Amino acid sequence: SGLPIKFRDGGTANVTILGTGLVGIGTESPVYTLQANATNGGIIGVTRTSGTTTGILGHVRFGNTDIDSDLANIEGVQDGATDSARLEFQTQATGAAAATRMTIKSDGKVGIGTNAPAYALDVRSSGATTLQVKSASNSDDTQLKLQSNAFFFNITNEGASGNITYISDDAQDQIWYTDNASNASVERFRIEGGADVDAVYFSNSNVGIGTDNPSYGLDVYGTDARVGTNLRLGNGTSAGNANDPAI
């Protein structure tokens, strides 16, 4: 190693090039290939001469000099306006070119497999897509938590038992399944639980046991049906009550 080269403006060197090739800006003792140092944190700027609505602002490239110098990139791209930008993260698969895999939009939405995410996290693929949440140990739980204000809904895979649990903390402790195929939410299935009510509802649906094509409100096929208590018969237009005929 040779002697360092220092560029000074007064007593302290503003730029230092060590004999090992390390470059320091704001430090005379760099420990990285390029190190920027300042009291409130060093800033390395990558800018564009003039703003556009779609142009690339700059990128950081990773690669090797003997095989392929363009293997991964982080790009800053203007996001539809001259005063907004998104970040694109690119990687290259063997035998292919570098392509964007993840995007963080100017509004904070994150897209994996899409550069136009419509949600806080938007995961897409040209084929089947799997989103995995996995614990380090088989005995540990994994959980997906959906929360709005003070209420939440948890889906938990209990690692020790293998059970799947659903926990709701809203005012009625309800889990709903709705069908929105016709652009109008129609309730199909509901579970209610809590201190006051424990019930299961099937609305606007036929329920099949032993058949995937039920023709009636409850269609049991291919096996006997057992009722542990009374089977009450209502009038078909309202909920049953204790005075309905029973079998």
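Scroll up for the structure.
Residues numbered from 1 in each chain as written. Predicted model: local features only at pLDDT ≥ 70, side-chain atom pairs only at ≥ 80, totals over all residues. Heavy atoms only, no water.

**Q** Hey, could you go over the sheet that holds strand β12 (residues 151-157) for me, with residue numbers and the actual values?
**A** In space, the three strands of this open sheet follow the order β11-β12-β13, with antiparallel pairing throughout. Looking at which strands have only one partner, the edges of the open sheet turn out to be β11 (142-148) and β13 (164-168). Recorded for the sheet is a direction-independent mean angle of 10° between the axes of neighbouring strands. Where β12 and β13 come together, five bridges link them in antiparallel fashion. In the sheet register, N157 faces β13, and the bridge partner there is I164. (Pairing = 2+ DSSP bridges. Helix = DSSP H or I, 4+ residues; strand = E, 2+ residues; numbered from the N terminus. Axes fitted to C-alpha atoms, helices over the stretch in contact; angles between N-to-C directions.)

**Q** Please set out the environment of G80 residue by residue, giving values where relevant.
**A** Along the chain, G80 falls in the loop between β6 (72-78) and β7 (85-91). Overall, G80 belongs to the exposed group, its relative accessible area being 57%. Note: C-alpha distance between G80 and G55 (25 residues apart in sequence) is 9.2 Å. (Buried < 20%, exposed > 50% of the residue type's maximum accessible area, 1.4 Å probe, protein only.)

**Q** Let's hear about the environment of G208: which residues, and what values?
**A** Here G208 lies in strand β17 (residues 207-209). Judged by relative accessible area, which is 31%, G208 ranks as partly exposed. Taking C-alpha positions, G208 is 6.0 Å from V220, a pair spaced twelve residues apart along the chain. G208 has contacts with P214 and D219, leaving out every residue within four places of it along the chain. (Contact = heavy atoms within 4.5 Å.)

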